Amino acid sequence: MSNKNTLAYAQQLDNEDPLKAFRNRFHIPKLKGKDVIYFTGNSLGLQPKSTKTYINEELDDWATLGVEGHFHSQKRPWFHYHKFSKEALAKIVGALPSEVVSMNSLTSNLHLMMVSFYRPTKTRHKILIESGAFPSDQYAVESQIKFHKLPYNEALVEISPRKGEHTLRTEDIISKIEEHKDSLALVMLSGVQYYSGQFFDIQKITEAGHQAGAFVGFDLAHAAGNVPLELHKHEVDFAAWCSYKYLNSGPGGVSGIFVHEKHGNNPDIPRFAGWWGHNEEERFKMEKGFKPMEGADGWQLSNVNVLSSAAHLAALEIYNEAGMEALREKSLKLTGYLESLLKELQDEGFLQMITPTEPNARGCQLSLLVTHNGKAIFEHLTQSGVVADWREPNVIRVAPVPLYNTFEDVFNFYDILKKVIF
Ligand SMILES: *Cc1c(COP(=O)(O)O)cnc(C)c1O
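Parameters at a glance
- Residues numbered from 1 in each chain as written.
- Predicted model: local features only at pLDDT ≥ 70, side-chain atom pairs only at ≥ 80, totals over all residues.
- Heavy atoms only, no water.
- UniProt positions renumbered as here; feature names shortened; annotations may be inferred.
- Helix = DSSP H or I, 4+ residues; strand = E, 2+ residues; numbered from the N terminus.
- Buried < 20%, exposed > 50% of the residue type's maximum accessible area, 1.4 Å probe, protein only.
- Core = buried A, V, L, I, M, F, W, Y, C linked by side-chain atoms within 4.5 Å.
- Domains from an automatic or database assignment.
- Contact = heavy atoms within 4.5 Å.
- Pairing = 2+ DSSP bridges.
- Axes fitted to C-alpha atoms, helices over the stretch in contact; angles between N-to-C directions.

Looking at an unreviewed UniProt entry, the protein carries the name Kynureninase, with the source organism given as Fulvivirga marina. As recorded by UniProt, the Sequence similarities (unreviewed entry) comment attached to the protein reads in full: "Belongs to the kynureninase family." Looking at the Function (unreviewed entry) heading of the UniProt record, one finds this comment for the protein: "Catalyzes the cleavage of L-kynurenine (L-Kyn) and L-3-hydroxykynurenine (L-3OHKyn) into anthranilic acid (AA) and 3-hydroxyanthranilic acid (3-OHAA), respectively."

Along the polypeptide, Glu379 turns up in helix α13 (residues 374–383). Residue classification places Glu379 among the partly exposed positions, given a relative accessible area of 42%. Taking the C-alpha atoms as reference points, Glu379 and Glu99, separated by 280 residues in sequence, lie 43 Å from one another.

Between Glu392 and the following residue, Pro393, the backbone shows a cis peptide bond with an omega angle of 0°. Of note, Pro393 is situated in the loop between β14 (389–391) and β15 (395–398). Of note, the phi angle at Asn373 is positive, near 55°, even though the residue is not glycine. Take Asn373: it is sitting in the loop between β12 (366–370) and α13.

With that settled, consider the nonpolar core. Membership of the largest hydrophobic core comes to 56 residues, with the highest contact counts inside it found for Val93, Ile177, Ile205, Leu220, Trp241 and Leu403. If you tally residues by element for this core, the top one is helix α4 (residues 86–93), at five residues. Shared between two domains, this core holds at least three residues of each, these being domain 1 (3–47 + 324–421) and domain 2 (56–321). Excluding residues within four positions of it along the chain, Ile177 makes contact with Leu128, Leu184, Val187, Ile205, Ala208, Gly209 and Ala212.

Next up on the list: the sheet that holds β12. Spatially, four strands are ordered β11-β12-β15-β14 in an open sheet, and the strand pairing comes out antiparallel. At either end of the open sheet lies a strand with only one pairing partner, and these are β11 (351–353) and β14. Neighbour-to-neighbour, the strand axes of this sheet turn through a mean angle of 30°, independent of strand direction. In terms of strand pairing, β11 meets β12 through three bridges, oriented antiparallel. Each residue of the ladder has a partner; that of Gln352, found in β12, is Leu369.

Sheet strands associate in pairs through backbone hydrogen bonding, adopting either a parallel or an antiparallel arrangement. Spatial ordering of the open sheet is given by β4-β10-β9-β8-β7-β5-β6, a layout of seven strands whose pairing is mixed. Each of the sheet's edge strands pairs with one partner strand only, and the pair in question is β4 (100–102) and β6 (156–159). Adjacent strand axes in the sheet meet at a mean angle of 15°, parallel and antiparallel pairs treated alike. For strand β8 (residues 215–219) and strand β9 (residues 238–241), the ladder comprises three bridges, and the chain directions are parallel. Along β9, the bridge assignment pairs Asp219 with Ala240. α4 rests against β4 and β9 of the sheet, and its axis sits at about 120° to β4. Across the sheet, helix α8 (residues 170–179) lies against β5 (126–130), β6 and β7 (184–190), angled at about 160° from β6, the strand it touches most.

Shown next as structure tokens:
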């Protein structure tokens, strides 16, 4: 046993952590009066203490101004509300502010993106996804294929890990793309795989997809706010994400999209339209003939869900202060620490970490395949104040989040787990 396996060591790491003050900006749920070890920020991020203020400001404006709040609210006129998140989102996903907009929810946005970027022709009609993609993505893709009256089994191309492996090799993704290069319309993968925690090589996959003549888009539900992204530079065609996981914007919170500039400024790209995507100078003229706004804004349908977006702004403000680079730096240390502690249990044969060991190929989440009594161990963890996540048949997902989790959380989790197992 090295001195890393002590509470004192973990506390020392917390003392040295330049981001440690951010934990106090969040409400931490409690069990029997004690802060839980909250490792499910990958599922629902915690509530910033400032969220209530942001939402209350909108409620007050609504109460005192009524409809006038659209233009005359004190802080954030509702008419322009979708613009207030742009700068922060652009930094988080590596985009120009005009390439991103927050709107709708994630699955709706995936559909809207596929309307524009999955336009099958006689020869090019296939979609490549990862097998075991998040169910909502699978259903969205299935229904898009069927909507175009194409044979589902033939139009859907799935890529699986090799036998005995849990994650995808980039070279295998690329050869799958090449194998279908004459018939591939769209490659749509996640940025970070929700089950395995694998962070895909967005740049290489995008290049391969483009070389094959396909569009390439990413579902960033588990990537946005978790890993460094360079969507603009890597020429990704589109992306969508939700804000309630790592982005801490509340259950069902507003989603976001990225549309690369090269498409965003092309008014002829087919899309499903609504008045909020129409040229804002003329929006209230209520005239015939849709003229899209430039950039991602041109994909908006409806006027902004202000209450949900207020929560989003409160959370983004904190991201902006902390900065993605510093967050990633801490995240690498925090997850690296967790990994180094769990190695002991892995070496003893009690669990297997199926998330890639290469830090550049993962975010903060580690997925633990528990060999024996997985469910019982998970239940014991829950009773001991660990909030983690169980995925059938035998995987526990834990995500130490750099904004509010501590090295002490990581140590305590390991300590509890070790005691259950031994
Ligand atoms: C969380 C998640 C979703 C959820 O979709 P909603 O439309 O927000 O309910 C979809 N896809 C992936 C990959 C996810 O991780």
